[in-house]
Amino acid sequence: MEKLATLPTLKVEPLAAGMGLRRLACDAIKHAITEMNIYDHPEEIRLDERQLSRDLGVSRTPIREALSLLEQEGFVRSVPRRGIYIVRKNKSEIIEMITVWAALESMAARLACARASAQALAELRDIAEFKHKNPAVFVDEYAQSNMFFHRTIIRMSGCALMLEIVDGLFIHMRAIRSVTMRQGDRAQRSLVDHMNILSALENRDPDLAARRIREHTLGLAEHIRTYGDFLDQFRSAEPRKRNYA
């Protein structure tokens with residue numbers, strides 16, 4: 001595994017004045033966490049309440065309320081006398097999450113074969129082709145495109161509940177794929193897999209589409225099982241609720 005990056009920081013923008021500051025702050029912090037590569041650094045990522053208050057341009061009261069909501073949703077955890085930390089999963093938890101994602105996305109592919117419009121499939125092809133760039137060179141861009149590809153397939157299923165469920169897994173799936181995409185030739189192999197999945201969807205072959213997506217995603221689980229021991233450094237001595245948000 002390559003050298004770990006510097007400790008990431010939240011990037012948030014000031015909130016617009018008005019009602020519902022707690023919800024706005026919660027959404028802003030959640031979005032910022034989702035955009036971070038939370039598995040790129042071994043140190044725990046602590047959220048600074050005062051800094052968030054300054055960055056978002058609001059008092060600390062809606063920040064505290066937002067962090068409380070985020071803890072209930074499983075995005076952060078509070079440690080007495082230490083502060084608020086972003087939740088990260090260990091190896092076995094990540095493998096479980098990938099397995100669930102594979103099951104959901106394979107069903108989404110079946111539904112998409114029947115429900116996706118020609119325009120939606122054309123848009124998916126634009127994503128899959130990655131503007132004819134080399135994913136091994138543009139790894140960060142491809143990591144973003146990769147998750148967009150998978151979320152688009154789930155959205156094409158037409159099942160809102162399925163999309164809502166995977167949104168709870170997204171922060172960890174995105175961050176893990178971003179890390180593993182830099183390992184070996186996984187980026188190039190991912191691009192080939194995506195084109196094969198797209199072909200099955202365009203041919204409206206639900207069995208083949210479901211199988212290719214399932215094998216593609218479970219391949220990530222197998223990679224984590226073999227090379228993901230680094231994830232166990234994120235296991236905390238503090239007890240955690242089993243929450244996959």
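For clarity, every value in this text was computed on a predicted model and none was experimentally measured.

### Description of the sheet that holds strand E1 (residues 46–47)
Next up, step 1: Spatially, the 3 strands line up as an open sheet ordered E1-E3-E2, and their pairing is antiparallel. Every other strand in the sheet has two partners, leaving E1 and strand E2 (76–79) as the edge strands with one partner each.
Next up, step 2: Bridge count between E1 and strand E3 (residues 83–86): 2 bridges; the pairing is antiparallel. When the bridges of E3 are listed, Arg 46 appears paired with Tyr 85.
Next up, step 3: Lying over the sheet, helix H3 (residues 60–72) contacts E1, E2 and E3, oriented at roughly 110 degrees with respect to E2.

### Details of the packing of helix H5 (residues 118–129) against helix H8 (residues 186–202)
Next up, step 1: Contact geometry for H5 and H8: axes closest at 9 Å, N-to-C directions at 165 degrees. In terms of orientation, H5 and H8 fall into the roughly antiparallel class. Note that H5 runs across H8; the crossing there is left-handed. Here Leu 121, Leu 124, Arg 125, Ala 128 and Glu 129 of H5 lie close against H8, whose contacting residues are Leu 191, His 194, Met 195, Leu 198, Leu 201 and Glu 202.
Next up, step 2: Residues belonging to the contact of H5 with H8 are distributed by class as follows: 7 nonpolar, 1 polar and 3 charged.

### Quick notes on the pairing of E2
Next up, step 1: In this sheet, E3 lies alongside E2 in antiparallel orientation, the contact comprising 4 bridges. Its bridge partner lying in E3, Ser 78 is registered against Ile 84.

### Quick notes on the pattern of salt bridges
Next up, step 1: If you walk through the whole model with that rule in mind, you get 16 salt bridges.
Next up, step 2: Note that Arg 23 and Glu 73 form a salt bridge whose closest N and O atoms lie 3.8 Å from each other. Of this pair, Arg 23 sits in helix H1 (residues 21–35) while Glu 73 is found in the loop between H3 and E2, placing the two residues 50 residues apart along the sequence.
Next up, step 3: Among the residues examined, Glu 73 registers a relative accessible area of 22% and is labelled partly exposed.
Next up, step 4: Note that Lys 30 and Glu 73 form a salt bridge whose closest N and O atoms lie 2.8 Å from each other. A residue pair is termed long-range when its members are at least 10 positions apart, and Lys 30 in helix H1 and Glu 73 in the loop between H3 and E2 qualify at 43 residues.
Next up, step 5: Lys 30 sits in the partly exposed class, given a relative accessible area of 22%.
Next up, step 6: One network of salt bridges, in which partners are shared, links Arg 23, Asp 27, Lys 30 and Glu 73.

### A word on H3
Next up, step 1: For H3, built from 13 residues, the straight-helix expectation of 18 Å at 1.5 Å per residue is met to within 8% by its first-to-last C-alpha distance of 18 Å.
Next up, step 2: Listing the buried residues of H3 in full gives Pro 62, Ile 63, Ala 66, Leu 67, Leu 69 and Leu 70. Buried residues of H3, seen end-on, are gathered within an arc of 160 degrees and therefore sit on one face of the element.
Next up, step 3: Those residues of H3 hidden inside the fold are in contact with H1, E1, helix H2 (49–56), E2 and E3.
Next up, step 4: Two residues or fewer after H3 comes Gly 74, characterised by a positive phi angle close to 90 degrees.

### Notes on the packing of helix H4 (residues 91–115) against helix H9 (residues 206–227)
Next up, step 1: Contact pair H4 / H9: the axes reach a minimum separation of 8 Å and the direction vectors enclose 170 degrees. Between H4 and H9, the interaxial angle falls into the category roughly antiparallel. For the pair formed by H4 and H9, the contact residues are Lys 91, Ile 94, Ile 95, Ile 98, Thr 99, Trp 101, Ala 102, Glu 105, Ser 106, Ala 109, Arg 110 and Cys 113 on the first element and Pro 206, Asp 207, Ala 209, Ala 210, Ile 213, Arg 214, Thr 217, Leu 218, Leu 220, Ala 221, Ile 224 and Arg 225 on the second.
Next up, step 2: Of the residues in the contact of H4 with H9, the class split is 15 nonpolar, 3 polar and 6 charged.

### As for the confidence of the model for the chain
Next up, step 1: Overall, the predicted model of the chain reaches an average pLDDT of 87, with 88% of residues at or above 70.
Next up, step 2: When the criterion is pLDDT under 50, residues 236–241 qualifies, and its contacts beyond four places in sequence or with other chains add up to 11 contacts.

### Topic: the nonpolar core
Next up, step 1: Within the largest apolar cluster, 67 residues are counted, with the highest numbers of intra-cluster contacts made by Ile 29, Tyr 39 and Leu 201.
Next up, step 2: The element contributing the most residues to this core is H4, with 10 residues.
Next up, step 3: Formed by 6 residues, the second largest nonpolar core is a distinct cluster that contains Phe 130, Tyr 142, Met 181 and Ala 187.

### Some points on the packing of aromatic side chains
Aromatic ring pairs are defined here through the distance separating the ring centres and the angle between the ring planes.
Next up, step 1: Summed over all chains, the structure comprises 1 aromatic pair.
Next up, step 2: Over the ring of Phe 170 we find Arg 151; its NZ or CZ atom is 4.4 Å from the centre of that ring.

Reading the values: rules and limits
- Residues numbered from 1 in each chain as written.
- Predicted model: local features only at pLDDT ≥ 70, side-chain atom pairs only at ≥ 80, totals over all residues.
- Heavy atoms only, no water.
- Pairing = 2+ DSSP bridges.
- Helix = DSSP H or I, 4+ residues; strand = E, 2+ residues; numbered from the N terminus.
- Contact = heavy atoms within 4.5 Å.
- Axes fitted to C-alpha atoms, helices over the stretch in contact; angles between N-to-C directions.
- Parallel < 35°, antiparallel > 145°, perpendicular 65-115°, else oblique.
- Left-handed = near helix turned anticlockwise from the far one by under 90°.
- Nonpolar A, V, L, I, M, F, W, Y, C, P; charged D, E, K, R; others polar.
- Salt bridge = Lys/Arg side-chain N within 4 Å of Asp/Glu carboxyl O.
- Buried < 20%, exposed > 50% of the residue type's maximum accessible area, 1.4 Å probe, protein only.
- Expected span 1.5 Å × (residues − 1).
- Arc of directions from axis to C-beta.
- pLDDT = per-residue confidence, 0-100.
- Core = buried A, V, L, I, M, F, W, Y, C linked by side-chain atoms within 4.5 Å.
- Phe/Tyr/Trp six-rings, centres within 6.5 Å; stacked < 30°, edge-to-face > 60°.
- Lys NZ or Arg CZ within 6 Å of the ring centre and 35° of its normal.

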